[in-house]
Each structure stands twice: as structure tokens, then as C-alpha cells.
Amino acid sequence: QKLTGGVLVSRNKEYIIFYRGNDFVTPKVRKVLVEQQQHAITQQEQEELARLKASASITAIPKALKNPLVAGTLAETREATSRWGDSLNDELRKKENNRLILAKHTSLLKNMKRKLILAKTKVAKAEMALAKVQEYLSPAELPTDLETVTDEERFLFRRIGLKMKAFLMLGRREVFDGTVQNMHFHWKHRELVKIVVKGKTFEQVKHIAISLEAESGGVLIALDKTTKGYSIIFYRGKNYKRPQVLKPRNLLTRRRAMARSIELQRREALNHHISVLRHKIWKLKSQLVQMRAAGRKQDAELLQTVEDDLSSDDDNIQDEGDEAYLQTYGSDDEDDADDDSNEYL
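- Going by the annotation in an unreviewed UniProt entry, the name recorded for the protein is CRM domain-containing protein, with Aegilops tauschii subsp. strangulata given as the source organism.

What to know about the pairing of strand E4 (residues 192-197)
Consideration 1: Summarising burial for E4: six of the six residues are buried, a large majority.
Consideration 2: Both faces of E4 are covered, namely the face carrying Leu-192, Lys-194 and Val-196 and the face carrying Val-193, Ile-195 and Val-197.
Consideration 3: As paired strands, strand E3 (residues 168-170) and E4 are joined by three bridges and run parallel to one another. Each residue of the ladder has a partner; that of Leu-170, found in E4, is Val-197.
Consideration 4: Following the chain from E3 across helix H5 (residues 177-189) to the adjacent parallel E4, one finds a crossover that is right-handed.
Consideration 5: Sheet topology note: the E4/strand E6 (residues 230-235) ladder contains six bridges and is antiparallel. Opposite Val-196, over in E6, you have Ser-231 as the bridge partner.

Some points on the environment of Arg-256
Consideration 1: Inspection of the secondary structure puts Arg-256 in helix H7 (residues 254-294).
Consideration 2: A residue is classified by how much of its surface remains accessible, and Arg-256, at 9% relative accessible area, is buried.
Consideration 3: Linking Arg-256 and Val-133, residues 123 residues apart in sequence, is a C-alpha distance of 6.5 Å.

Quick notes on the packing of aromatic side chains
The description of an aromatic ring pair uses the distance of the two centres, along with the angle that the planes make with each other.
Consideration 1: In the structure shown here, the tally under the stated rule is three aromatic pairs.
Consideration 2: With a centroid separation of 5.6 Å and 65 degrees between ring planes, the pair formed by Trp-187 and Tyr-240 is classed as edge-to-face. With Trp-187 in helix H5 and Tyr-240 in the loop between E6 and H7, the pair connects residues that are 53 residues apart, well separated along the chain.
Consideration 3: Its relative accessible area of 0% is what places Trp-187 among the buried residues.
Consideration 4: Lying over the aromatic face of Tyr-136, Arg-256 brings its terminal NZ or CZ to 3.7 Å of the ring centre.

Topic: the nonpolar core
Consideration 1: Formed by 17 residues in total, the largest nonpolar core has its most connected members in Met-183, Val-193, Ile-195, Val-197, Leu-212, Ile-232 and Phe-234.
Consideration 2: Of the residues forming this core, the biggest block, four residues, is contributed by helix H6 (residues 202-216).

Re the packing of H5 against H6
Consideration 1: Contact pair H5 / H6: the axes reach a minimum separation of 10 Å and the direction vectors enclose 70 degrees. The angle between H5 and H6 falls in the class roughly perpendicular. Judged by the twist between their axes, the crossing of H5 over H6 is right-handed. Contact residues: H5 offers Thr-179, Val-180, Met-183, His-184 and Trp-187, while H6 offers Leu-212, Glu-215 and Ser-216.
Consideration 2: Considered class by class, the residues forming the contact of H5 with H6 number four nonpolar, three polar and one charged.

Overview of the environment of Val-245
Consideration 1: Its place among the elements puts Val-245 in the loop between E6 and H7.
Consideration 2: In this structure Val-245 comes out as partly exposed when scored by relative accessible area, which is 47%.
Consideration 3: A C-alpha to C-alpha distance of 8.7 Å links Val-245 and Gln-181, two positions 64 residues apart in sequence.

Thoughts on unusual backbone geometry
Consideration 1: Positive phi outside glycine occurs at Glu-174, with the angle close to 60 degrees.
Consideration 2: Structurally, Glu-174 is set in the loop between E3 and H5.

Some remarks on the sheet that holds E4
Consideration 1: Read from one edge of the open sheet, four strands run E3-E4-E6-E5, paired in mixed fashion. The sheet is open, and its two borders are formed by E3 and strand E5 (219-225), each paired with just one other strand. Taken pair by pair, the neighbouring strands of this sheet meet at an average axis angle of 25 degrees, ignoring direction.
Consideration 2: The pairing of E5 with E6 spans six bridges and is classified as antiparallel. When the bridges of E6 are listed, Ala-222 appears paired with Ile-233.

What counts, and where the lines are drawn
- Residues numbered from 1 in each chain as written.
- Predicted model: local features only at pLDDT ≥ 70, side-chain atom pairs only at ≥ 80, totals over all residues.
- Heavy atoms only, no water.
- Buried < 20%, exposed > 50% of the residue type's maximum accessible area, 1.4 Å probe, protein only.
- Helix = DSSP H or I, 4+ residues; strand = E, 2+ residues; numbered from the N terminus.
- Pairing = 2+ DSSP bridges.
- Right-handed = clockwise from strand over helix to strand, strands pointing away.
- Phe/Tyr/Trp six-rings, centres within 6.5 Å; stacked < 30°, edge-to-face > 60°.
- Lys NZ or Arg CZ within 6 Å of the ring centre and 35° of its normal.
- Core = buried A, V, L, I, M, F, W, Y, C linked by side-chain atoms within 4.5 Å.
- Axes fitted to C-alpha atoms, helices over the stretch in contact; angles between N-to-C directions.
- Parallel < 35°, antiparallel > 145°, perpendicular 65-115°, else oblique.
- Left-handed = near helix turned anticlockwise from the far one by under 90°.
- Contact = heavy atoms within 4.5 Å.
- Nonpolar A, V, L, I, M, F, W, Y, C, P; charged D, E, K, R; others polar.

In C-alpha cells form, the structure reads like this:
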């Protein structure tokens, strides 16, 4: 241990274990490191001596002030007043605040008008896209020779239909060819089909029920409001025959029905946005009228400037882009198996 400088880790009758340590260095490397350290110390001492000699040869010369200090004196105040004008008094400050308030209201009103023009443009594009999708829809009319159902049968079918566990959930696509197809799938195993509609008013559900009755050829039994939503029950009829083509060609496809739902939602949201903008514009205009009436004698030039800004032509505002309103919904490459698995319960 004394000869090697290691650390005794373990000893036994048969062997002794030494650890060389984390800072073990060979003698050659140790000699080189010591020489480099001595050289660095010598160089630092030489640089320090050179710095001390250079600093001793330089004498500090105080810089004499040419002009007296004027910071915070009356002379500085007079110079600032002559250069930048008099300080604002209460009247000027009030006048400037009125000017800023009028300018802010004017800017807000112009911005609201610009948003209103853009919203109207988007509504027009949404109407065009919705009309393009509706071209593929040709709803059928109610048949004149509907099968008659007695009151007793209607009461019995209504009770059976409300207790049915199997039902069709009508989503945001509403009535399309897949809905009628799934109704025929239900009628293959049972006489009744129950359709549940959520998030609709009674008038909308009634319109959906009449449309499904005309497209499917079934008999509308009942339309009731339950905990799950509105339940519509259809009876397939005594002389029911399954058609060869389950998907009607006169209805929208799955993709086009989704496109119609998106455009209807967009149009509703834009109309709500337009009504909110109109209310805000009316409120800002009434505030500006009151401000003009209060300050008509005080600042006529400012009021004339505000009127000129508001009367500027904002009709040349261009829309931000087409935003893919007029997309093509004509693709019919749809997987029937996906429709069945997603819609048929």
C-alpha cells in the first residue's frame, strides 16, 4: 500500500485487493501536468507585473466641466417650455381626452362595419354552397293510398315501439339514403322501427317524421317525447315487400348529407354573428350621437373629422378567401359496409 499509493479494499488468506483511486495518473502524465501548471503560474505572474507597470505610468487627469449643471433648475424648465410648449392645463387635458374617446369609438365602429360586410359575404357563400348540395335532393311525396291502421292497432304498436330496446339514432345528417336503408334492415326482423332524435324542436321532428314516412313507405304510428329525446315509431305495413334497392336515389348520400349539415350550421352561426354585430353598431352609433350632442359647441372640427371617417366607403373590403365554401360534394365512393356498421344498431 505504501509503495503503490492505492487503497486497501479487502484482504484474505488467499488474496489482497487494492483500488487505485479515482484520481490515479501514471507518473509520466503526472510529470507533464505539473510542468504545465508551473508554466501557467509563471505566465500569470509576468502578466500581472506588466499590468502594474502600465497602470503606474498613466496619471488620471480630471476632466473640467465647461458648462455649469442645469438639471432641475429654472433655466432647464424655461428651455423645455420654449422648445416643447406649455404644460397641459385642465381644459386642454379634458379636450384631449374627449378627442381620444371619439377616435376610439370611431375606430370601433369602422371595425364593426367591416366585420359586418365580411359576415354578409360569408353568408352569401354559404347559401351558394347549400344550394349546390340541395340540387342532389329531390324528396318524394306522400303516397295517396296509405295503409289504414285502426286505433287499437295504433295503441298496441305505440306501446310495443316505446318498449323496444333496438332503435336508430338520427344524427346531424338527418334524413339521407342510409337512414332509409337501416329502416329496411330493421323491418327485415321486426314489424316496427323506433327512431330517436335529439336536439330538435317538435316542428323539426314532425317534418323529419313526414319525410321518413314518404321515403320509406311505412306508416307513422306515434311521435312521443321521452328521456332520450323524441321517439318516432314506424310500422312497415301488412303488405310490406322489401325493395331491391334499399338506398333511394333521390336522397342525399352520406357525404352530401354531412356537407348540408355543415353549411346549415355555418349559416346559422353567421346569422347570429350578424345580429350581434348589428346590435353593437347601433349601440356605438347612439353613443356617438350623444357625444356629438354634448360636444357640438366645444370642438366642431373634431366632430366633422369623425363624420368624415364614418362616411368613408367601406364597401371595397375584400373577403379573406373562399374558405372552401364551394367544395365539390359529388363523390359517391362510399363504403356501404361502413354505413351499415355505423348506422344500423
